[in-house]
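# Breakdown of the fold
The lines below spell out each chain.
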Amino acid sequence: GQQVMQIPQYQHVQEGEDFTTYCNSSTTLSNIQWYKQRPGGHPVFLIQLVKSGEVKKQKRLTFQFGEAKKNSSLHITATQTTDVGTYFCAGPYSGGYQKVTFGIGTKLQVIP
Amino acid sequence: DAGVTQSPTHLIKTRGQQVTLRCSPKSGHDTVSWYQQALGQGPQFIFQYYEEEERQRGNFPDRFSGHQFPNYSSELNVNALLLGDSALYLCASSLALAGSTDTQYFGPGTRLTVL
């Protein structure tokens, strides 16, 4: 079945350093979504990428969708303690309505 | 504009018991999806309801069932609880648009502990 893999699983960075998490799918995705989950919280939608090679920015966050639409990345510039949490990518099942498969997530710790 | 609400927030049950979790979608949304999130894992899709019908289902046994009401709210029922059912159960609502994957808004979740 479809798999969505994320690396790394854990990342500790010093405040001010950059951070990148990568997402790879075993199948071509029609789109990819990114979510952030704070400790003890629930996933919060960040962004959806649809087009091949698409790049979107949200302040210090940069999201990329690969040309083959099988991988994606999230890059955070100059991390802050408010960036702490687990970042998930999620891709829809091909042919499915809104059924999505989540990656295992990358847990980000920012050391002040 | 109320977001997605879930009840209860926490629940403790024993093995073999049955549980019902409830979800009210965000105003204007008509689709509800349920997810199970075990500790340290990503959410796992259980099923999705649209127009009071189960539209998609993940790899979960028949012990997991659901319902959607005319007002779009939804229930998740789990029978014959196992220790492994302990998890955070998340409800996500969205608006069904033909041929697209719309943004999902997650509720705060129900933390289920099975003893």
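Residues numbered from 1 in each chain as written. Chains lettered and ligands numbered in written order. Predicted model: local features only at pLDDT ≥ 70, side-chain atom pairs only at ≥ 80, totals over all residues. Heavy atoms only, no water.

### What to know about unusual backbone geometry
- The omega angle of the peptide bond from A:I7 to A:P8 is -10 degrees, so this bond is cis rather than trans.
- As for its placement among the helices and strands, A:P8 is situated in the loop between β1 (4-7) and β2 (10-14).
- Geometrically, the link from B:S7 to B:P8 is a cis peptide bond, its omega value of -10 degrees lying close to zero.
- Secondary-structure assignment places B:P8 in the loop between β1 (5-7) and β2 (10-13).
- A positive phi is found at A:K59, a non-glycine position, where the angle reads about 55 degrees.
- Mapped onto the fold, A:K59 is located in the loop between β6 (55-58) and β7 (61-65).
- A:K59 gets classed as exposed once you look at its relative accessible area, which sits at 85%. (Helix = DSSP H or I, 4+ residues; strand = E, 2+ residues; numbered from the N terminus. Buried < 20%, exposed > 50% of the residue type's maximum accessible area, 1.4 Å probe, protein only.)

### Re the packing of aromatic side chains
- Summed over the entire model, instances satisfying the criterion amount to twelve aromatic pairs over all chains.
- Between the aromatic rings of A:Y35 and A:F45, the centroid separation amounts to 5.7 Å while the plane-to-plane angle is 75 degrees, which identifies the pairing as edge-to-face. Taken together, the positions of A:Y35 in strand β4 (residues 32-37) and A:F45 in strand β5 (residues 44-49) put the pair ten residues apart, joining distant regions of the chain.
- The class for A:Y35 is buried, based on a relative accessible area of 0%.
- Taking the relative accessible area as the measure of exposure, A:F45 reaches 23% and is therefore partly exposed.
- Here the aromatic rings of A:Y35 and A:F102 are separated by 5.2 Å at their centres, their planes lie at 45 degrees, and the arrangement is tilted. Remark: A:F102 occurs in strand β10 (residues 100-102) and A:Y35 occurs in strand β4; sequence separation between them is 67 residues. Per residue, the accessibility class of A:Y35 equals that of A:F102, and both read buried.
- Put simply, the rings of A:Y35, A:F45, A:F88, A:F102, B:Y35, B:F45 and B:F106 pair up and form one aromatic cluster.
- The residue whose ring lies beneath B:K26 is B:Y105, and the NZ or CZ to ring-centre distance is 5.1 Å. (Phe/Tyr/Trp six-rings, centres within 6.5 Å; stacked < 30°, edge-to-face > 60°. Lys NZ or Arg CZ within 6 Å of the ring centre and 35° of its normal.)

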